[in-house]
Amino acid sequence: MALEVLLVEDSKTQAAQIKETLESVGLRVRIAYDGPDGIREAIENPPALVVLDVKLPSMDGFQVCRRLKRNPSTQDIPVIMLTEKAGPQATMSGLRAGADDYIPKDIFASEHLINTLQELGILE
Amino acid sequence: MEHRRVNTMTDIRGPYHMRPPIMTVKVEDSMDIMIVRDTTRRASSLLGFAPAHRAQLSSAAATLAELVLKTGESHTIHLNGVIDGARTGLQISSETPWLAGVSANNVLVALRSKLGDLVDEIMLEGHDVPIIIMVMWLNEVKSPEALDGE
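Here goes a summary of the coordinates provided. (Residues numbered from 1 in each chain as written. Chains lettered and ligands numbered in written order. Predicted model: local features only at pLDDT ≥ 70, side-chain atom pairs only at ≥ 80, totals over all residues.)

**Quick notes on the overall build of chain A**
Right, on to step 1. A count of helical and extended segments in chain A gives five helices and five strands.
Right, on to step 2. Mapped from its N terminus to its C terminus, chain A presents α and β elements in the order β-α-β-α-β-α-β-α-β-α.
Right, on to step 3. By the compact-globule yardstick of 14 Å for 124 residues, chain A fits well, its C-alpha radius of gyration being 13 Å.
Right, on to step 4. In terms of principal-axis extent, the alpha carbons of chain A reach across some 30 × 30 × 25 Å.
Right, on to step 5. Burial analysis of chain A (124 residues in total) assigns 40% to the buried set. (Helix = DSSP H or I, 4+ residues; strand = E, 2+ residues; numbered from the N terminus. Rg over C-alpha atoms; globule rule 2.2 N^0.38 Å. Buried ≥ 20, exposed ≤ 12 C-beta atoms within 10 Å, placed from the backbone.)

This is the structure we're talking about:
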């Protein structure tokens, strides 16, 4: 059975694009459109991986990541932050929040995402 | 034919012995910043850096590329492996002729303030044509706790 990814992304357009990328490598994708929903989904039905945007309504991706990494039931789930905020401070904020990778949304994002999924053992 | 990315061993300086991979990206426009980021991820992957450290290195290299792009002239970002005893690392460097005559101490303070969390070492070498050099070592343990303490 295919592994499931929880995608937390408020933009429906971008969520659809990322979902397509993840499904193209055989993963199932569940989408949460804001931070609190993402945390609830991760706790109630832990996925193999969380792909997390930074700019989210009501709670940003850094806060979501910190909460996931502090909760014993979700702390071992790998988190990849996929974001438009690419600067040094944002990168360090993401990694300090506990993200396993921090990937800017640029033309290479899909390739980097898939490479990291292989590295983390999500893909063979 | 235009070559945006070439491998070359020329013009690379620094205090450590060089090892592959050796990659070079010419920075001429904002698109090249993405290529710098991508190439850095590839180089650091070849050396065995974990994804989080690749993210740090690629952010450092992209920030350096943004800096050189602001001068309005094309410059080159060099990415190469380095060895120091048992340590292996990735060096990111670029010539910065516009910094000639500027206090090295002031430059280093500014760079460390902007990039110090992303890499292990930041150096400025050379007088007539200074070179900014940044290194992250692979063999030093970098846990999330270590990140918190930086």
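**What to know about helix H2 (residues 35-44) of chain A**
Residues and elements named next belong to chain A.
Right, on to step 1. Of the residues making up H2, those classed as buried are Gly35, Gly38, Ile39 and Ala42. The buried residues of H2 occupy an angular sector of 95° when projected down its axis, which confines them to one face. Opposite the buried face of H2, at more than 90 degrees from it, the exposed residues are Arg40 and Glu44. (Arc of directions from axis to C-beta.)

**Observations regarding the packing of H2 of chain A against helix H3 (residues 61-70) of chain A**
How two helices sit against one another is set out by the angle between their axes and by the gap between those axes.
Residue and element names in this part refer to chain A.
Right, on to step 1. Orientation of H2 relative to H3, taken along the N-to-C sense of each, is 20°, at an axis distance of 10 Å. Comparing the axis directions of H2 and H3 gives the class roughly parallel. As H2 runs across H3, the sense of the crossing is right-handed. Contact residues: H2 offers Gly35, Gly38, Ile39 and Ala42, while H3 offers Gln63, Val64, Arg67 and Leu68.
Right, on to step 2. Its residues placed into classes, the contact of H2 with H3 shows four nonpolar, three polar and one charged. (Axes fitted to C-alpha atoms, helices over the stretch in contact; angles between N-to-C directions. Parallel < 35°, antiparallel > 145°, perpendicular 65-115°, else oblique. Left-handed = near helix turned anticlockwise from the far one by under 90°. Contact = placed C-beta atoms within 7 Å. Nonpolar A, V, L, I, M, F, W, Y, C, P; charged D, E, K, R; others polar.)

**Section: the environment of Gly87 of chain A**
Residue and element names in this part refer to chain A.
Right, on to step 1. Looking at the secondary structure, you find Gly87 in the loop between strand E4 (79-83) and helix H4 (88-96).
Right, on to step 2. Here Gly87 falls in the partly exposed class, since 14 other C-beta atoms lie within 10 Å of it.
Right, on to step 3. Residues Gly87 and Ile107 lie 20 residues apart in sequence; the distance between their C-alpha atoms is 16 Å.

**Examining the interface of chain B and chain A**
How big an interface is tends to be expressed through the accessible area that disappears when the partners come together.
Right, on to step 1. Taken together, the contact between chain B and chain A spans 19 residues of the former and 17 residues of the latter.
Right, on to step 2. For the side of chain B that touches chain A, the secondary structure elements donating two or more residues are helix H1 (30-47), helix H2 (51-69), helix H3 (104-115) and helix H4 (144-149) of chain B.
Right, on to step 3. Split by residue class, the side of chain B that touches chain A holds ten nonpolar, three polar and six charged.

**Some words on H1 of chain B**
Residue and element names in this part refer to chain B.
Right, on to step 1. Between its first and last C-alpha, H1 extends 27 Å over 18 residues, near the 26 Å set by a 1.5 Å rise per residue.
Right, on to step 2. Of all the positions in H1, only Asp32, Ile33, Ile35, Val36, Arg37, Asp38, Thr39, Thr40, Arg41, Ala43, Ser44 and Leu47 are classed as buried.
Right, on to step 3. The first or second residue beyond H1 is Gly48, which carries a positive phi of 95°. (Expected span 1.5 Å × (residues − 1).)

**Quick notes on the pairing of strand E3 (residues 75-84) of chain B**
Residue and element names in this part refer to chain B.
Right, on to step 1. In terms of residue burial, E3 counts as a mostly covered element, since seven of its ten residues are buried.
Right, on to step 2. The sheet contact formed by strand E2 (residues 17-27) and E3 spans nine bridges and is antiparallel. Its bridge partner being in E3, Arg19 is matched across the sheet by Gly81.
Right, on to step 3. Pairing of E3 with strand E4 (residues 87-95), which is carried by seven bridges, proceeds in the antiparallel orientation. Considered in E4, the bridge of Asn80 is made with Gln91. (Pairing = 2+ DSSP bridges.)

**A few points about the sheet that holds strand E5 (residues 101-104) of chain A**
Residues and elements named next belong to chain A.
Right, on to step 1. With parallel pairing, five strands are arranged side by side in an open sheet as E2-E1-E3-E4-E5. Bordering the open sheet on either side are strand E2 (28-32) and E5, each of which pairs with just one other strand. Here the average twist between neighbouring strands, direction ignored, is 20°.
Right, on to step 2. The pairing of strand E1 (residues 4-8) with strand E3 (residues 49-52) spans four bridges and is parallel. Opposite Val5, over in E3, you have Leu49 as the bridge partner.
Right, on to step 3. Each of E1, E2, E3 and E4 touches helix H1 (residues 12-24); the most contacted strand, E2, lies at about 160° to it.

**Looking at the nonpolar core**
Right, on to step 1. Ranked by size, the top nonpolar core spans 32 residues in total, and within it Val50, Val51, Cys65 and Met81 of chain A carry the most contacts.
Right, on to step 2. Residue contacts for Cys65 of chain A: discarding those within four places in its chain leaves Leu52, Val79, Met81, Gly94, Ala97, Gly98 and Ala99 of chain A.
Right, on to step 3. Counting residues in each nonpolar core, the second largest holds 31 residues, with Met23, Val25, Ile35 and Ala62 of chain B among its members. (Core = buried A, V, L, I, M, F, W, Y, C linked by C-beta atoms within 7 Å.)

**Side note on unusual backbone geometry**
Right, on to step 1. Here the bond from Pro20 of chain B into Pro21 of chain B is cis, since omega is 0°, no more than 30 degrees from zero.
Right, on to step 2. Tracing the chain through its elements places Pro21 of chain B in strand E2.
Right, on to step 3. We note that Ser58 of chain A has phi near 70°; this positive angle belongs to a residue other than glycine.
Right, on to step 4. Mapped onto the secondary structure, Ser58 of chain A falls in the loop between E3 and H3.
Right, on to step 5. You can call Ser58 of chain A exposed: it has 10 C-beta atoms within 10 Å.

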